[in-house]
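Commentary on secondary and tertiary structure
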Amino acid sequence: MDQSVAIQETLAEGEYCIIALQGVLCEGDSRQSRLLGLVRHRLKQGGQEHALRCDRPAGHGGAQPRIPAALRFTHQDVPPRSFQGLSRCTRPESEPPTPLGWNSPPGTAPRFAGIGGGSSDFNDSRSGKRRPLVDPSSCAQDTPDSLLTRQNKSKCEITDMVRSSTIMVSDKAHILSMQKFGLRDTIVKSRLVQKEEDYTYIQNFRFFVGTYNVNGQSPKEGLRPWLSHGIPAPDVYCVGFQELDLSKEAFFFHDTPKEEEWFKAVSEGLHPDAKYAKVKLVRLVGIMLLLYVKQEHAAHISEVEAETVGTGIMGRMGNKGGVAIRFQFHNTSICVVNSHLAAHTEEYERRNQDYKDICSRMQFCQIDPGLPPLTISKHDVILWLGDLNYRIEELDVERVKNLIEEKDFQTLYAYDQLKTQMATKAVFEGFIEGELTFQPTYKYDTGSDDWDTSEKCRAPAWCDRVLWKGKNITQLSYQSHMGLKTSDHKPVSSVFDIGVKVVNEERYRKTLEEIVRSLDKMENANIPSVSLSKREFCFQNVKYMQLQVQSFTIHNGQVPCQFEFINKPDEKSYCKQWLNANPSRGFLLPDSAIEIELELFVNKTTATKLNSGEDKIEDILVLHLDRGKDYFLSVSGNYLPSCFGSPIHTLCYMREPILDLPLETIRELTLMPLQTEDDGVQLENPLGIPKELCLMVDYLYQNAVQQEDLFQQPGLRSEFEHIRDCLDTGMIESLSASNHSVAEALLLFLESLPEPVICYSTYHNCLECSGNYTASKQVISTLPTFHQNVFNYLMAFLRELLKKSAKNHLDENILASVFGSLLLRNPAGHQKPDMAEKKKAQEFIHLFLCNSP
């Protein structure tokens, strides 16, 4: 947690704490809590200088005085002393910031052990990458003047406090989960969790939860009417946006200036009667979530993590999906989710699927990297906000508007899709939503309170919602804010009183002592033993991208035990890539049990070797007990070969559906080397292009050339499975699916090719000539014949789509971006392409869309 405010209060004029975090000062066997801050000072003669400042945090260790200390960036032995006397590192004003490393040799200063990770760079949450504990190069981007403006704001100070996985020193139960602690401490932790009610009490805190779809607009009006008008200052702000930026650049390259614009607007709109610290910002394309707390609560926020899940086309594009922030507030775990689900009235099943995808794929790292990640459901309190996009159905537009005019919201609510879907437990099972006493928040003419007068004339709907799940939650208000007219949506807010578990230190110590005494009486020499409900697992007829799950139960005996699936000799993982055990490790108290799920899922990474017979659905799992014996689990089954994951040239030699061919034939064709020229040894009568590709393209050409949002809106998973089965069995006459599902299946087919359409060997040549059409055609002419055919066929189809752009709203940039990353892929085993490579790939495809042969 960034504690820069605490250090800033102790600094002299002209000194600025850029960032600070909490850690542990280790000297021999002594461990003491400290704040470590990066401080900048502007010199009168020009230039800047930096130093690290080490303080004792307020609120830890009782009323102990703050003890200043400092660490230099040089390799000299510098004893702790006051900041004013520190000789600092300087650089001229004109020089760029130099990254600073933790590279002092041992013994130069007291060792400062950070507890956690993260960075104040907002990109952390968008990329999902773990960053160093402190990234001075990113911290140094602010100028002292800008920092002064931020820190001296009247009424409402906003402080950067972006930290992940931070453990508060007083949070003993969570410290016990760190890897360095053994079995005894794991038992203590588990018992503490069981007895939590004995040493905690419930204290209410005020939460503000707000959601606003801003329709790609920049802030044009103050946000205080939404964020702070007419309410006491909240303890916590959870503020979410959707459609922050609708530009193609934001969609494909994830960069947008709108992030900073709306962050600033929110910061200025927070309640003027309190000072707030920003805990975290996370964004996925246009979906952004901000978390703030009152500064006095900052010390009680820990274990902050942010994650994103894209549910757009191919299940990964970020135009739809969700972002989430989870954290520990005192002893209560809280998860805040902001989502933007699929649009259009008839797509409620797609919205349901988006919700389920977010729940299953949103996973947060734990402090102990060996522990399984946390899912949304594993939290005490869940707050879910966003543009959920559920509409009002079965009523015509005029009837809806009449009911709104009469303020008969109860009658109107009966036709609300979200209400209907929740009643059938299709989505948001266990969640609660307050009564809707405000008129629908979508769709208005921008800049007014008038309903949509465009050609489409959208029916009003409650798209923007706030739901919750958990105990000790009371909703105090739930309303829209008609005064804001920037967007075609109206913002929504909800204020809650949430009961948070706060630790009573005296009762905590007593509980801990009782647990330790009881452990002292246990006979630790006993060998743990468990029984398994099942040891053999057979997965029948496994299909491409179709999850199968089987489970078993571990029953523990009389001795506490830790279990873990371990690697077999000379293997890098405890199981094959297509298999996963959930959880893969854990802890069991005496006479307790846990259910383990074995999840089998074949994707583009594993399908080709299963098609060729190089791999089989066979594996042995080793379940190891700490201080106990090993148990062996057998996994077997059969995989149904698929055109997905098969090479282009292999499919061209399969004149029959793949499931009609003998396994040995499939094996031989899949292992057949790629031929670049006809050399007389190839099989007879190959197809020019794979029949499966031809069938999907023909379906789209016949049905979808005027389809709006083609290749941008995802299909349904159930329909993909149906399309896959039709292609693999040849039963095309039974194909019945939406245009979006067929389009997504085509993209998934191209993604699954083990050798992309433009072969790996020509990747760098393509990037080099991405601005030259003649040179680009020459590169394509060097591809193997089948690959040339497929590329030219796809380009011809896409050019046909562009002829109907007035109807389908496609353009060259959209198609080049979507297909560039599939047809032109970085060679296997290389790093992911950077932004420059992605743009060159897009430019390469763009040439062929704009130029007919």
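Rules and cut-offs
- Residues numbered from 1 in each chain as written.
- Predicted model: local features only at pLDDT ≥ 70, side-chain atom pairs only at ≥ 80, totals over all residues.
- Heavy atoms only, no water.
- Pairing = 2+ DSSP bridges.
- Helix = DSSP H or I, 4+ residues; strand = E, 2+ residues; numbered from the N terminus.
- Axes fitted to C-alpha atoms, helices over the stretch in contact; angles between N-to-C directions.
- Phe/Tyr/Trp six-rings, centres within 6.5 Å; stacked < 30°, edge-to-face > 60°.
- Buried < 20%, exposed > 50% of the residue type's maximum accessible area, 1.4 Å probe, protein only.
- Lys NZ or Arg CZ within 6 Å of the ring centre and 35° of its normal.
- Patch = residues over 30% accessible without salt bridge, like charges linked within 9 Å, V, L, I, M, F, W, Y side chains within 5 Å.
- Areas by Shrake-Rupley, 256 points an atom, 1.4 Å probe, with all protein chains shown as cover.
- Salt bridge = Lys/Arg side-chain N within 4 Å of Asp/Glu carboxyl O.
- Core = buried A, V, L, I, M, F, W, Y, C linked by side-chain atoms within 4.5 Å.
- Contact = heavy atoms within 4.5 Å.
- 1 Å grid on protein atoms, 1.4 Å probe; cavity = no way out; pocket = protein on both sides within 12 Å on 5 of 7 lines; lining within 4 Å.
- Points joined across faces, edges and corners; volume = space filled by probe spheres on them.
- Nonpolar A, V, L, I, M, F, W, Y, C, P; charged D, E, K, R; others polar.
- Left-handed = near helix turned anticlockwise from the far one by under 90°.
- Polar contact = N/O pair within 3.5 Å; in protein donor to acceptor, adjacent residues only side chain to side chain.
- Lys, Arg positive; Asp, Glu negative; His and termini not counted.
- Charge placed at Lys NZ, Arg CZ, Asp CG, Glu CD.
- pLDDT = per-residue confidence, 0-100.
- Expected span 1.5 Å × (residues − 1).

Describing the sheet that holds strand S28 (residues 618–625)
In space, the 5 strands of this open sheet follow the order S22-S29-S28-S24-S26, with mixed pairing throughout. The open sheet is flanked by strand S22 (536–542) and strand S26 (585–588), the only strands paired with a single partner. Taking the axes of each pair of neighbouring strands and ignoring which way they run, one obtains an average angle of 20° across the sheet. Both strand S24 (residues 561–566) and S26 contribute to a ladder of 4 bridges, which runs antiparallel. In the strand pairing of S26, Cys 561 is matched with Leu 588.

A word on the packing of aromatic side chains
Per the counting criterion, the structure on display carries 29 aromatic pairs. Between the aromatic rings of Trp 384 and Phe 431, the centroid separation amounts to 6.0 Å while the plane-to-plane angle is 90°, which identifies the pairing as edge-to-face. Taken together, the positions of Trp 384 in strand S17 (residues 381–387) and Phe 431 in the loop between helix H14 (417–423) and strand S18 (464–470) put the pair 47 residues apart, joining distant regions of the chain. Phe 431 carries the same exposure label as Trp 384, and that label is buried. Taken together, the ring pairs connect Tyr 212, Trp 226, Phe 241 and Trp 262 into an aromatic cluster. Directly above the aromatic system of Tyr 413 lies the positively charged group of Lys 419, at a separation of 5.9 Å from the ring centroid.

Details of a nonpolar patch on the surface
Taken together, Leu 547, Val 549 and Phe 601 make up a surface patch of nonpolar side chains, about 250 Å² in accessible area. Tracing the chain through its elements places Leu 547 in the loop between S22 and strand S23 (548–556).

A short note on the nonpolar core
Counting residues in hydrophobic clusters, the biggest one holds 107 residues, and the most contacted among them are Phe 711, Leu 750, Ile 758, Phe 791, Leu 823 and Phe 844. The element that contributes the greatest number of residues to this core is helix H24 (residues 785–803), accounting for 9 residues. Beyond its immediate sequence surroundings of up to four residues, Ile 758 is in contact with Cys 766, Ile 780, Leu 783, Phe 791, Leu 823, Leu 824, Phe 844 and Ile 845.

Section: the layout of surface pockets
Approximately 1,000 Å³ is the volume attributed to the second largest pocket. Lining the second largest pocket are 36 residues, with Glu 243, Leu 246, Asn 319, Lys 320 and Asp 709 sitting closest to its centre. Per-element accounting of the lining of the second largest pocket gives the leading share, 3 residues, to helix H9 (residues 248–253). Across the lining of the second largest pocket, the residue classes tally to 10 nonpolar, 13 polar and 13 charged.

Observations concerning the pairing of strand S9 (residues 236–242)
In terms of residue burial, S9 counts as a mostly covered element, since 7 of its 7 residues are buried. Of the two faces of S9, the one lined by Val 236, Cys 238, Gly 240 and Gln 242 and the one lined by Tyr 237, Val 239 and Phe 241 are each fully buried. Pairing geometry for strand S8 (residues 200–213) and S9, over 7 bridges, is parallel. When the bridges of S9 are listed, Val 209 appears paired with Cys 238. Examined bridge by bridge, S9 and strand S11 (residues 287–294) share 6 bridges and lie antiparallel to one another. In the strand pairing of S11, Tyr 237 is matched with Tyr 292.

What to know about the pattern of salt bridges
This structure, assessed with the given rule, holds 22 salt bridges. The closest approach of N and O atoms between Arg 283 and Glu 259, which form a salt bridge, is 2.7 Å. Note that Arg 283 is positioned in strand S10 (residues 276–284) and Glu 259 in helix H10 (residues 258–269), a separation of 24 residues in sequence. Each member of the pair, Arg 283 together with Glu 259, is buried. Connected via shared salt-bridge partners are Glu 196, Asp 380 and Lys 501.

Section: the packing of helix H20 (residues 717–729) against helix H21 (residues 739–752)
In a packed pair of helices, the relevant descriptors are the angle between the two axes and the axis-to-axis distance. In contact at an axis separation of 9 Å, H20 and H21 are set at 65° when each is read in the N-to-C sense. For the pair H20 and H21, the crossing hand works out as right-handed. Here Glu 719, Phe 720 and Ile 723 of H20 lie close against H21, whose contacting residues are Ser 741, Val 742, Ala 745 and Leu 748.

Thoughts on the side chain of His 271
Residue position: His 271 is located in the loop between H10 and S10. Reaching out from His 271, the side chain makes a polar contact with the backbone oxygen of Ile 231 at a distance of 2.6 Å.

Regarding a negative patch on the surface
A cluster of acidic side chains, namely Glu 197, Asp 198, Glu 513 and Glu 514, defines a negative patch on the protein surface. Of all the secondary-structure elements, those providing two or more residues to the negative patch are helix H7 (196–199) and helix H15 (505–520). Following the sequence through the fold, Asp 198 ends up in helix H7. According to the relative accessible area criterion, Asp 198 is partly exposed, its value standing at 43%.

Quick word on the confidence of the model for the chain
Taken residue by residue, the chain gives an average pLDDT of 82. The fraction at 70 or more is 77%. Segment residues 58–181: pLDDT under 50, and 280 contacts once partners within four positions in sequence are set aside and those in other chains are kept. Segment residues 676–681 is flagged for pLDDT under 50; beyond a separation of four residues in sequence, or across chains, it makes 3 contacts in the model.

Focus: the sheet that holds strand S21 (residues 530–532)
Reading across from one edge, S21-S23-S27-S25 is the order of the 4 strands in this open sheet, with antiparallel pairing throughout. One side of each edge strand has no neighbouring strand; the edge strands of this open sheet are S21 and strand S25 (579–582). Each neighbouring strand pair of the sheet contributes to a mean axis angle of 25°, computed without reference to strand direction. Strand direction decides the pairing type here: S25 and strand S27 (residues 593–600), joined by 4 bridges, are antiparallel. By the bridge assignment for S27, Asn 582 is matched with Glu 597.

Remarks on the environment of Ser 821
Mapped onto the elements, Ser 821 comes out in helix H26 (residues 812–823). Each C-alpha atom, one on Ser 821 and one on Ile 845, is 9.6 Å from the other, the two residues being 24 residues apart in sequence. At 3.3 Å, the side chain of Ser 821 and the backbone oxygen of Val 818 are in polar contact.

What about unusual backbone geometry?
Note the cis peptide between Tyr 442 and Lys 443, where omega equals 5°. Following the sequence through the fold, Lys 443 ends up in the loop between H14 and S18. Even without a glycine there, the phi angle at Glu 394 is positive, about 75°. Relative to the helices and strands, Glu 394 resides in the loop between S17 and helix H12 (397–405). The phi dihedral of Met 545 is positive, around 55°, even though this residue is not glycine. For Met 545, a relative accessible area of 23% corresponds to the partly exposed category.

So, H21
Think of an α-helix as 3.6 residues a turn; residues three or four steps apart then line up on the same face. Taking 1.5 Å as the rise per residue, H21 with 14 residues should run 20 Å; its terminal C-alpha atoms sit 20 Å apart, in good agreement. The element H21 is extensively covered by neighbouring structure, given that 14 of its 14 residues are classed as buried.

Examining the side chain of Gln 712
Relative to the helices and strands, Gln 712 resides in the loop between helix H19 (691–703) and H20. Once residues lying within four places of it in the same chain are set aside, the contact partners of Gln 712 are Ile 313, Asn 319, Leu 810 and Ile 814.

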